[in-house]
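Observations on the model geometry
Listed below are the residues making up each chain.
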Amino acid sequence: MGSSERVGYVDLGSNEVTIKEIPEQLLRQYLGGRGINAYLLYNHAKKGMGPLNPESPVILGAGFFSGYLTNAASRIHISGKSPETGVYGDSNMGGSIAAELKYAGFQHLVINGQADKPVYLWVHDGEIETKDASKIWGMDTYQAQVRICEELGDPDVKVACIGQAGERLVCFANVRHLMKKAAGRTGMGCLMGSKRLKAIAVRGHQGLIPKYPDKLLKVFEKQSNFLRKTKIFNISAVIGNLFAWIVNSEGERISVRNFQQGYFPEALGKLDIDIFMRDYSEKKLACYSCAMRCQHRFHIKEGPFAGLIGEGPDWGPGWNLAAHTGNSRLDVSLAVNELTNRYGVDVVTYLQYVGWLMELWQRKIISEKDTGGLDFSWGNPEAIIQTLHQIVNKEGLGGILSEGSEAAIEKIGRGSERYLHRCGKGLTEEGLDHRIWRASAVGCHTSPRGNCHLRGLVNLEHMFLPVEVLEKIFGRRVDPDPYSWETKAWMATWIQYLCAVCDSSGVCKFMTKWYSPDLFGFEEIVETINAMTDWNMTSEELMEAGERIWNIERLFNVREGLGRKHDIPPPIFFEPRKEGTRKGIGLEMEKYEELLDEYYELHGWDEEGRPLPETLRRLSLDKEPSHIL
Amino acid sequence: MRNISINEAVCTGCGLCELVCSMCKENECNPDKSRIYIERHMMEGAMIPRICINCVDPPCVGVCPTDALRKDEVTGVVQLEHDVCNDCGECIHTCPFRALRLSPRGELMKCDLCSGYPQCVKYCPTEAVRY
């Protein structure tokens, strides 16, 4: 540890900058990234304050490991009150800006106030300046990054920025970095836009000095050698996470046509990963300090999008959400991803809405009169692409989506709400069908930001692993039957704490047991901590840090008045599948409520999901907000 | 002689080479103190590792005003004598491969092949840098 574990506070209204060092005890309790962001948000956001109030902060946090020699500690976390849902909001992305922020002398930035004209922050070697962004305002996310690097005269400046969507306060606008990286969900780009903050540019030359350099090298060597021999590493190194499409579509775990089906036969011969690898993928790229390189650089060589070059996409937006909108054209899917990257729109939320509109069209709830003549038949590329333009330009049917789901439902009316699948916290679902999950259903839907596979999806639930292997991972006997309701509360809890630790240390979840049973767990992460510091931390203490982070995020939502009903998945998941090999499978409300009881009890929460006083004392949360930072 | 070779087509830009180098040479994690660095071109997706490849007839040796750089006739390695180097940067401008640079402290940095066991090569996941 060096002098980079600091928080920079910026008030864009008054141009004041304050810098505080993070006490070691807080680092030990919350690490960094998501953890310290959660602490800062709970301490700095005021109860009931609207997300777009200038005093509602947007917080950036590099992972505790970011910038150090560790495997894939590339993640940065962005937190704030969500303009999309009005409750806890946060999102996490890779790239190289987390490490750069540490080299520039900061682990976190807390940004408040509203600038009187467009600005960007220039964070460099321990200093924070506000720079005029009038000429950059209006640019897409690629143009803005290139322009800022040119303006600052250094191609190695790392930039996180918003596109036109964030500027125009689309409530699900995201924050972008490089060509592919996105802090996607819950509208953190909208928060930046509301502060007239176009970008955060970072460059630093300060090194990070681990407590035990030789030990850190040895841990890195050991973990690298292990990692590179695993099957999952070698699959991901070639096709990225696109194998998940094969696994999940064959397993009928995805949303097809807005959750009406779970299998997409039209994809055969069209969305195959082999086709992408043969005809589109040209190169693999990686986030900082990651050997796995899950990211593709692709090139569309023919058809209406010929000449388009882009990066990504991830299997979720590129494939899963193609199925969600009935789209079996890979070039359309790639082009749409590229457009969302440039505009700075969360592709998940946007395509969820498109799927919704297409089902409304199918059911004749909306017609050409509503769509301005656009045909919303399943998979129609024109409807998919035009909706995106409309969202960003705030015009037509797409325009009403930019204000969020409540406004859209109110404007469309006619019983349309039934077909927009949102979790209890108001966030639209992702693309995974929770009818067939048990641990994941409760794990994802108790997430502080609303349904989130990156907070509580238990991939291990569906891998048919031997019970002994599961017992070794979860530390207690768990039921390997994916449809069983037994022991699933613990599986969800364990994964949630692991995810919290990943997002706080900055380690990508693709390196961990969230992704694959043979990858890293608490034990491996704590090895790195004990080389970076003299804490002699145990994996139990690290897991407790995960629990503390999970609880302080919960406290934020409890303070906003959220409770049990906000942890319930949308009604669609309680309607059994009507067809396919999983016909008849669905969540059952009674069973889900029982599972929720068990889950709350495990966490030390009351029946409404509020942490009990003894739980807060045990986790040293009873004095929060303590305003140490 | 055994030498460094670069295949930039497969470089992913992960920067593990930079981190490992700075840890081995400086005991800190700092890509700006690494003897190898990656030139990153976001829009082109190009990642170009820059490291000394010990030219047969190295122009840096010819321009060095203090004779701090010399080509070892036995090993073929271009060697830098830190005590003699005045960090003037003439070699940096002369190197056609942009393999030399100054550290944030203004000191010339040059790969010394880690005494025959280059650590960047050991950890490069795609063999973009080989020895």
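No experiment lies behind these values; they were computed from the predicted model shown.

About the criteria used
- Residues numbered from 1 in each chain as written.
- Chains lettered and ligands numbered in written order.
- Predicted model: local features only at pLDDT ≥ 70, side-chain atom pairs only at ≥ 80, totals over all residues.
- Helix = DSSP H or I, 4+ residues; strand = E, 2+ residues; numbered from the N terminus.
- Rg over C-alpha atoms; globule rule 2.2 N^0.38 Å.
- Buried ≥ 20, exposed ≤ 12 C-beta atoms within 10 Å, placed from the backbone.
- Contact = placed C-beta atoms within 7 Å.
- Core = buried A, V, L, I, M, F, W, Y, C linked by C-beta atoms within 7 Å.
- Pairing = 2+ DSSP bridges.
- Domains from an automatic or database assignment.
- Axes fitted to C-alpha atoms, helices over the stretch in contact; angles between N-to-C directions.
- Nonpolar A, V, L, I, M, F, W, Y, C, P; charged D, E, K, R; others polar.
- Expected span 1.5 Å × (residues − 1).
- Parallel < 35°, antiparallel > 145°, perpendicular 65-115°, else oblique.
- Left-handed = near helix turned anticlockwise from the far one by under 90°.

1. Observations regarding the overall build of chain B
Along chain B, the regular secondary structure elements total 4 helices and 8 strands. Start at the N end of chain B and walk to the C end: the helices and strands fall as β-α-β-β-α-β-β-α-β-β-α-β. Here the C-alpha atoms of chain B give a radius of gyration of 14 Å, agreeing with the 14 Å that 2.2 N^0.38 yields for 131 residues. Counting only C-alpha atoms, chain B reaches 40 × 30 × 30 Å along its principal axes. Relative to its full complement of 131 residues, chain B shows a buried share of 43%. Partitioning the intrachain contacts of chain B with sequence separation of at least 6 by distance along the chain shows that 55% fall at a separation of at least 24.

2. Regarding the overall build of chain A
Looking only at helices and strands, chain A features 25 helices and 15 strands. Relative to the 2.2 N^0.38 estimate, which gives 25 Å for 629 residues, the radius of gyration of chain A is 23 Å and therefore close to what a compact globule would have. Projecting the C-alpha coordinates of chain A onto the three principal axes gives extents of approximately 60 × 60 × 50 Å. Within the span of chain A, comprising 629 residues, buried residues form 59% of the whole. When contacts within chain A are restricted to residue pairs at least 6 apart in sequence, those whose partners lie at least 24 apart make up 68%.

3. Overview of the nonpolar core
Counting residues in each nonpolar core, the largest one holds 233 residues, and the members touching the most others are Tyr120, Val123, Ala199, Ile200, Ala201, Val345 and Leu357 of chain A. If sequence neighbours within four positions are ignored, Val123 of chain A has contacts with Leu101, Ala104, Phe106, Ile128, Ile200, Ala201 and Val202 of chain A.

4. Focus on the pairing of strand β2 (residues 37-41) of chain B
The side chains of a regular strand alternate, residue by residue, between the two faces of the sheet. All names here are of chain B. With 5 bridges connecting them, β2 and strand β3 (residues 46-50) associate as antiparallel partners. Paired with Tyr37 across the strands is Arg50, a residue of β3. What sits between β2 and β3 in their antiparallel hairpin is a turn of 4 residues, with Gly45 showing a positive phi close to 70°.

5. Here we look at the domain arrangement of chain A
All names here are of chain A. By domain assignment, chain A separates into domain 1 (6-203), domain 2 (217-411) and domain 3 (434-618). Centre-to-centre, using C-alpha coordinates, domain 2 lies 26 Å away from domain 3. Contact residues are listed per partner, giving 17 residues for domain 2 and 18 residues for domain 3. Contributions of two or more residues to the side of domain 2 that touches domain 3 are made by α7 (213-227) and α8 (231-239).

6. Some details on unusual backbone geometry
Residues and elements named next belong to chain A. Following Gly312, the chain continues into Pro313 via a peptide bond in cis, with omega recorded as -10°. That bond from Glu624 to Pro625 is cis: its omega, 5°, falls within 30 degrees of zero. Mapped onto the elements, Pro625 comes out in the segment after α25 (613-618). Phi at Leu31 takes a positive value of approximately 65°, unusual for a residue other than glycine. With respect to the helices, strands and loops of the structure, Leu31 is situated in the loop between α1 (24-30) and α2 (33-44).

7. Considering the sheet that holds strand β10 (residues 175-177) of chain A
All names here are of chain A. Strand order across the open sheet formed by 6 strands is β8-β7-β12-β9-β10-β11, with mixed pairing between neighbours. Looking at which strands have only one partner, the edges of the open sheet turn out to be β8 (127-132) and β11 (181-183). Put simply, the sheet's adjacent strands are angled 20° from each other on average, direction ignored. Bridging between strand β9 (residues 158-161) and strand β12 (residues 197-203) involves 4 bridges; their strand directions are antiparallel. Bridge pairing in β12 places Lys158 opposite Val202. Contacting β7 (119-124), β9, β10 and β12, helix α4 (residues 141-152) crosses the sheet at an angle of about 140° to β9.

8. Details of the interface of chain B and chain A
Between chain B and chain A, the contact holds 22 residues from the first and 28 residues from the second. In terms of residues, the side of chain B that touches chain A owes the most to one element, helix α1 (residues 16-26) of chain B, which gives 6 residues. Grouping the amino acids of the side of chain B that touches chain A by side-chain chemistry returns 11 nonpolar, 7 polar and 4 charged.

9. What about the sheet that holds strand β3 (residues 58-62) of chain A?
Residues and elements named next belong to chain A. Strand order in the open sheet formed by 6 strands is β2-β1-β6-β3-β4-β5, and the pairing between neighbours is mixed. Two strands bound the open sheet, and with one partner strand each, they are β2 (16-21) and β5 (88-93). Going across the sheet, the axis of each strand differs from the next one's by a mean of 15°, ignoring polarity. Where α2 meets the sheet, it contacts β3, β4 (76-81), β5 and β6 (108-112), and its direction lies at approximately 155° from that of β3.

10. Some details on the pairing of β4 of chain A
All names here are of chain A. In terms of burial, β4 is a largely internal element, 6 of the 6 residues being buried. In this sheet, β4 lies alongside β3 in antiparallel orientation, the contact comprising 5 bridges. By the bridge assignment, Leu60 is partnered in β4 with Ile78. Bridge analysis of β4 against β5 gives 6 bridges, and the strand direction is antiparallel. Bridge assignment links Ile78 to a residue of β5, and that residue is Ser91. Two successive antiparallel strands, β4 and β5, enclose a turn made up of 6 residues, where Gly86 displays a positive phi of approximately 80°.

11. Digging into α2 of chain A
All names here are of chain A. In this model, α2 (12 residues) spans 16 Å end to end at C-alpha, consistent with the 16 Å of a helix rising 1.5 Å per residue. In terms of residue burial, α2 counts as a mostly covered element, since 10 of its 12 residues are buried. Among the residues of α2, Gly33, Arg34, Gly35, Ile36, Asn37, Ala38, Tyr39, Leu40, Leu41 and Tyr42 are the ones counted as buried.

12. A short note on the environment of Ala160 of chain A
In this fold, Ala160 of chain A is placed in strand β9. With residues near it in sequence (within four places) discarded, Ala160 of chain A still touches Ile97, Val175, Arg176, His177, Ala199 and Ile200 of chain A.

13. Focus on the environment of Tyr263 of chain A
All names here are of chain A. In this structure, Tyr263 sits in the loop between α9 (243-250) and α10 (273-279). For the pair Tyr263 and Gly450, spaced 187 residues apart in sequence, the C-alpha separation works out to 25 Å. If sequence neighbours within four positions are ignored, Tyr263 has contacts with Ser249, Glu252, Val256 and Gly580.

14. Considerations on the packing of helix α11 (residues 315-324) of chain A against helix α13 (residues 347-362) of chain A
Residue and element names in this part refer to chain A. α13 packs onto α11 with a crossing angle of 10° between their chain directions and a minimal axis gap of 9 Å. When the interaxial angle is binned, α11 and α13 end up roughly parallel. Judged by the sense of rotation from one axis to the other, the crossing of α11 with α13 is right-handed. Seen from α11, the contacting residues are Gly316, Pro317, Leu321 and His324; seen from α13, they are Val347, Val348, Leu351 and Gly355.

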